[in-house]
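# Inside the fold
Chain residues, written in single-letter form:
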Amino acid sequence: MFGSSLKLRMMMMMVSTMACLGSAVAKDTLTLGLPVEPTGLDPTISAPVAIREVTWGNVFEGLVTLDEEGEVQPLLATAWDVSEDGLTYTFRLRDGVRFHNGTPFDSSIVKFSLDRARAEDSTNAQKQFFEPIASIDTPDPLTAVVHLKQPTGLFVYHLAWGDAVMVDPATVDANRTEPVGTGPFKFKSWQRGIRVELVRNDDYWDAGVPRLAAVTFRFIDDAQAQASALRAGDVDGVYRFTAPELFDAFQKDDRFNAVAGLSPAKIVAGMNNARAPFDQPKVRQAMMSAIDRQAVIDAAYSGHGVPIGSHYAPTDPGYVDLTDVWPYDPDKARALLQEAGHADGFKASMKCPQMSYVMRTCEMVQAFLAEVGIQLKIETSEFPAKWIEDVFIGHNFEVTAVNHAEPMDIDIYSRPNYYFQYKNPQFNALIAQAGATVDEDERNALYAKAQEILAEQVPALYIFGMPQLSILDARLKGMWENAPISEAYVRDAYWED
Amino acid sequence: MPAILLRRLAYFVATLLVASLVIFVVLDLLPGNAAAILLGTSARPDTIAALQQQLGLDQPAWWRYLSWIRGLFTGDLGRSLTYGVPVSGLMAERLVVTIPLALLALLVAVGAGVPMGVWAAARWRKLPDHAASVVAQMGIAIPDFWLGILLILFFSTGLNWFSAGGFPGWGQPLAALKALVLPALALGLPQAAILVRVTRASVLDVASQDFVRTAEAKGLPARQVLWRHTVRNALLPVVTIVGLQFSFLIAGAVLVENVFDLPGIGLLAYQALSQRDLVTIRSVTLFFAGLVIIVNFLVDLSYLWLDPRLRARG
């Protein structure tokens, strides 16, 4: 009783001092909630997706970019030619571009940025993208000529990634905390644990862009807190909303525009292909046939998500739907197990990261496999630290499940010591060939073949593509529905009058 | 007194040194390393090795330990492995949220818990006593983070009186204070419930002693017997609990901080641990250890103030 009267008194005191904020004059600022705070703001030195969300296309720009469908588009390079042999790329650079600190953008910047990424001591998380580069010539300030050691099919595509953005040599050491790029927004401040504030770059090369004067990214880790912040009007939207079970309620609410778009992230239950019985394709195929992907999606992500049949996201160029290679068929699964000599099933352990959607995926996989006699024992593996040490580096696992967030990462199956321990010379040759094919259609045909091999061989159980859930104020326009590279791109955002 | 203080200081430094060694060894044995986490699931071993070297993780353990201890004395706690900024600044940014929050919550706990406990004891086995028991029972049973969610549902999304979470920074003092009100209630009320029970039990215990009966027999007014003789003597165990609660409110507020999206030191500790940012987590943990020692010391000092007999002995 005493407690509640104290509560009441404090509340009344607060209400009387509350200032009336948030008036209805034409709005030109945006406060966007994001689930994860980045650890730094330089996408060229570390991998976490959260860094791209804040900076990709907003603060930093690369020679090229991706559009909402994941297609490569010109950005700081207006056009490029590829030589007949696929070894020389000539980029024509945009004139009149300056970094936020006034440094002009020219071919010397291109040479510096790419040389830095491929240097011996480079800590670029995607260093392999830059290794095909042999040398870079700068015949004039607006032309950069990149010579490659071997034809590299996805070279230009990879230049659209956050890891390949253009940086000013003078600010590389400070970019981690005070990023300086060429993008439509300038970095203003970062209150660690709370928010990053960006303001309009008035000297942006594309006149009329951006339309917003300021953007604030607020970091809200807890899914309930995201929903509360939306409902209380603390944020104008949450991009990459992490509470799928609350998503439907927002969809029914007229004040919000709740969209389930596509993302490059894939929930994949990897198996240790070097260990019995997972070294037998029939066992892996049986496991895949035993799983009803849609039921897993319903349980793990409230029905949002796309079933996948291979290690390829619907936003990746050249995607093929292969979910019908091993459709849900428990009888077939039992038959395959019998052919493999495991008619009575077997026991194995499954190491699962603690995130709720992965855990629920694991529990569904466990339940479906139990139907055909395979007993999985789920062990929690703290993600990222313990999982990376134990599974990713140590290969100390039988079955696992994790969210593979990178776009176009099918090549990991051809890496000699990747954690799946999958070895298939035919697949490796195909990936190498695709990697060296410059023609897009030809390349996509090769990647389609690679997808088919994985779908058929099942080195990992392909469960679903994660949706890009965003809940935005209904009047906010110009935000992407899909997130082809896990970004939170606000360049074109504006408020409808 | 100075002799006591000096002895206390020596004890303080020695305890912290032992604690630092334990913290360092335990953290070093944890699986996982910051470089591999920062570079993600596409990085190759040579890139991870390069980053480890850059972060100084390839140095031998004894060297890293000694440079940490040296840093502690010079005030340089090193740079966070994940954020890349000085740890001391990172901790200061968080403490300006956590310490005011803990103090507010303590105010709620003591302000509500102690009077209610005294009241319940004074009306022993009467309606107020029973009511206080029920309320206290509920308060102890309800987890603080869950109370936080209820407060948000009611006052933020329902009535829209408060933001649902977040912290505007002390640049706007009123708004900052307002952002701490609901979390302080969520943290403080369950602690208040504990204090109700401790205070009530302690007051009842003292009230049955001879000197209280003597005071009553002298014909002192009931109010004076209660407040001057009984409550003052009953405060010793209460102060001990309050001391423990303060340490908990600083270090253990992480769930409430999470619900209210408050950038406190608890959340920093949690994030640093999950990212294996050992440089940050070791100093934060040592800070917690130091805090507990200091609060215990203050509790001891308050005994001297509350109980003149101890002063005479000291």
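Within every chain, residues take consecutive numbers counted from 1 along the sequence as written. Lettering for chains starts from A, numbering for ligands starts from 1, and both go in the order in which the items are written. The model is predicted, so local features are restricted to residues of pLDDT at least 70 and side-chain atom pairs to those at 80 or more, both for listing and for counting; the totals for chains, interfaces and linings are taken over all residues.

### Describing the overall build of chain B
Within chain B, the regular secondary structure consists of 14 helices and zero strands. If one aligns the C-alpha atoms of chain B with their principal axes, the spans along those axes are about 85 × 55 × 35 Å. Residues are called buried when their C-beta atom has 20 or more other C-beta atoms within 10 Å, exposed when it has 12 or fewer, and partly exposed otherwise; all C-beta atoms are positioned from the backbone. A total of 314 residues make up chain B; the buried ones form 43% of that total. Excluding contacts between residues fewer than 6 apart, the proportion of contacts in chain B whose partners are at least 24 apart in sequence is 72%. Helix and strand definitions follow DSSP, with helices as H or I runs of at least four residues and strands as E runs of at least two, each counted in order from the N terminus. Contact definition: two residues whose C-beta atoms, as placed from backbone geometry, lie within 7 Å.

### Some points on the overall build of chain A
Of regular secondary structure, chain A possesses 13 helices and 20 strands. The globule rule used here is 2.2 Å times the number of residues to the 0.38 power, and the radius of gyration it is set against is calculated over C-alpha atoms. Its C-alpha radius of gyration of 24 Å places chain A within 12% of the 23 Å reference for a compact globule of 497 residues. On the principal axes, the C-alpha backbone points of chain A span a range of 80 × 70 × 35 Å. A burial count over chain A gives 54% of its 497 residues as buried.

### Details of the interface of chain A and chain B
Contact with chain A, which involves 49 residues of that partner, is made by 56 residues of chain B. Those elements giving two or more residues to the side of chain A that touches chain B turn out to be helix 1 (2-17), helix 5 (223-231) and helix 11 (385-393) of chain A. Among the elements that line the side of chain A that touches chain B, the one with the most residues is helix 1 of chain A, at nine residues. Of the residues assigned to the side of chain A that touches chain B, the class counts are 20 nonpolar, 14 polar and 15 charged. Only Asp, Glu, Lys and Arg are considered charged in this grouping, and only Ala, Val, Leu, Ile, Met, Phe, Trp, Tyr, Cys and Pro are considered nonpolar; every other residue, Gly among them, is considered polar.

### Here we look at the sheet that holds strand 16 (residues 399-400) of chain A
Residues and elements named next belong to chain A. We call two strands paired when DSSP finds no fewer than two bridges between them. Here three strands make up an open sheet; going across it, the order is 15-14-16 and the pairing parallel. The two strands at the open ends of the sheet, each matched to only one other strand, are strand 15 (375-380) and strand 16. Bridge analysis of strand 14 (residues 347-352) against strand 16 gives two bridges, and the strand direction is parallel. Residue pairing in the sheet places K351 in a bridge with T400 of strand 16. Axes, fitted as lines to C-alpha atoms, cover a helix only where it is in contact. Angles between the N-to-C directions of the axes lie from 0 to 180 degrees. Against the sheet, helix 10 (residues 356-371) engages strand 14 and strand 15, with an angle of about 165° to strand 15.

### So, the sheet that holds strand 4 (residues 77-82) of chain A
All names here are of chain A. Pairing is antiparallel across the open sheet formed by four strands, whose spatial order is 4-5-7-6. Each edge of the open sheet carries a strand with a single partner, namely strand 4 and strand 6 (133-140). On average, each strand axis in the sheet is tilted by 20° relative to the strand beside it, whichever way the strands run. Across five bridges, the pairing between strand 5 (residues 88-93) and strand 7 (residues 143-148) is antiparallel. Its bridge partner lying in strand 7, T90 is registered against V145. In the packing of helix 3 (residues 107-118) onto the sheet, contacts are made with strand 5, strand 6 and strand 7, and the angle to strand 6 comes to roughly 170°.

### Some words on the domain arrangement of chain A
All names here are of chain A. Where each domain begins and ends follows an automated or database-derived domain assignment. Domain annotation of chain A identifies domain 1 (29-36 + 183-261 + 468-495), domain 2 (62-169) and domain 3 (266-465). A C-alpha centroid distance of 29 Å is found between domain 1 and domain 2. Tallying the contact residues gives nine residues for domain 1 and 10 residues for domain 2. Here the residues of the side of domain 1 that touches domain 2 are counted per class, giving four nonpolar, two polar and three charged.

### Section: unusual backbone geometry
Glycine aside, negative phi is the norm for most residues, and most peptide bonds take the trans geometry. Residue and element names in this part refer to chain A. The omega torsion across V209 and P210 is -5°, close enough to zero to call that bond cis. For the bond from A276 to P277, the omega torsion is 0°, close enough to zero to count as cis. With respect to the helices and strands, P277 occurs in the loop between strand 12 (256-270) and helix 7 (281-289). Although it is not a glycine, R240 adopts a positive phi angle of roughly 65°. Looking at the element boundaries, R240 is found in the loop between strand 11 (237-239) and helix 6 (244-251). Taking the C-beta count within 10 Å as the criterion, R240 has 25 such neighbours and is therefore assigned buried. Positive phi values are uncommon outside glycine, yet S486 reaches one of about 55°.

### Observations concerning the domain arrangement of chain B
Residue and element names in this part refer to chain B. For chain B, the assigned domains read domain 1 (2-74) and domain 2 (87-313). Distance from the C-alpha centre of domain 1 to the C-alpha centre of domain 2: 32 Å. Taken residue by residue, the interface counts 15 residues in domain 1 and 12 residues in domain 2. Going through the elements one at a time, helix 1 (2-29) and helix 2 (34-39) are the ones with two or more residues in the side of domain 1 that touches domain 2. In terms of residue count, the dominant contributor to the side of domain 1 that touches domain 2 is helix 1 (nine residues). Residues that form the side of domain 1 that touches domain 2 fall into these classes: 10 nonpolar, four polar and one charged.

### Regarding the packing of helix 12 (residues 265-274) of chain B against helix 13 (residues 278-306) of chain B
Two numbers describe a pair of packed helices, the interaxial angle and the distance between the axes. All names here are of chain B. Contact pair helix 12 / helix 13: the axes reach a minimum separation of 8 Å and the direction vectors enclose 140°. Classed by the angle they form, the pair helix 12 and helix 13 counts as oblique. For helix 12 against helix 13, the interelement crossing comes out left-handed. When helix 12 is examined against helix 13, the residues I265, L268, A269, A272 and L273 are found in contact with a partner set consisting of T280, I281 and V284. For the contact of helix 12 with helix 13, a count of residues per class yields seven nonpolar, one polar and no charged. Under this scheme an angle from 65 to 115 degrees is roughly perpendicular, one under 35 degrees roughly parallel, and one over 145 degrees roughly antiparallel; angles in between are oblique. The handedness criterion is simple: a crossing whose near helix is rotated anticlockwise from the far helix by less than a right angle is left-handed, and one whose near helix is rotated clockwise is right-handed.

### Comments concerning the nonpolar core
V365(A), L461(A) and A105(B) are the most contacted members of the largest nonpolar core, which totals 242 residues. With 19 residues, helix 5 (residues 87-122) of chain B is the single largest residue contributor to this core. The contacts of L461(A), once residues within four sequence positions are left out, are V268(A), A269(A), M287(A), M288(A), I291(A) and V365(A). The term nonpolar core refers to a set of buried Ala, Val, Leu, Ile, Met, Phe, Trp, Tyr and Cys residues connected through C-beta atoms within 7 Å.

### Focus: the confidence of the model for chain A
Residue and element names in this part refer to chain A. Known as pLDDT, the predictor's confidence for each residue is given on a scale from 0 to 100. When pLDDT is averaged along chain A, the result is 91; 95% of the residues meet or exceed 70. The model gives residues 1-8 a pLDDT under 50, and that stretch makes 12 contacts with residues more than four places away or in other chains. Every residue in residues 10-24 scores below 50 in pLDDT, and together they form six contacts with partners more than four places removed in sequence or on other chains.

### Examining the confidence of the model for chain B
Detailed reading of the predicted coordinates is not advisable wherever pLDDT is low. Per-chain confidence: chain B averages 84 in pLDDT, with 98% of residues scoring 70 or above. Reported for the predicted complex are a pTM of 0.83 and an ipTM of 0.76.

### Looking at the environment of T123(A)
Turning to its location among the elements, T123(A) is positioned in the loop between helix 3 and strand 6. For T123(A) and A47(A), which are 76 residues apart along the polypeptide, the C-alpha to C-alpha distance reads 9.8 Å. If we skip the residues at most four places from it in the chain, T123(A) touches I45(A), T47(B), A50(B), L51(B) and Q54(B).

### Focus: helix 5 of chain B
Every α-helix winds through 3.6 residues per turn, so residues three or four apart in the chain are directed the same way. With 36 residues, helix 5 of chain B should cover 52 Å at 1.5 Å per step; its first-to-last C-alpha distance of 50 Å lies within 8% of that length. Two axes are fitted around each residue, one to the seven residues ending there and one to the seven starting there, and the angle between them is reported as the bend at that residue. In the structure, helix 5 of chain B departs most strongly from a straight axis at L95(B), where the bend amounts to approximately 35°. Expected span of a helix: the number of residues minus one, times 1.5 Å.

### Comments concerning helix 5 of chain A
A large share of helix 5 of chain A lies buried, amounting to eight of its nine residues. Listing the buried residues of helix 5 of chain A in full gives Q224(A), A225(A), Q226(A), A227(A), S228(A), A229(A), L230(A) and R231(A). For helix 5 of chain A, the elements touching its buried residues are strand 1 (29-34), strand 11, helix 6 and strand 18 (460-473) of chain A together with helix 7 (144-158) and helix 11 (254-259) of chain B. Looking one or two places after helix 5 of chain A, you find G233(A), whose phi comes out positive at around 75°.

### Some words on the pairing of strand 8 (residues 185-191) of chain A
All names here are of chain A. Bridge analysis of strand 8 against strand 9 (residues 195-200) gives six bridges, and the strand direction is antiparallel. Residue pairing across strands places S189 opposite E197, the latter belonging to strand 9. Between strand 8 and strand 9, which pair antiparallel one after the other, the connecting turn spans three residues, and G193 there sits at a positive phi close to 85°.

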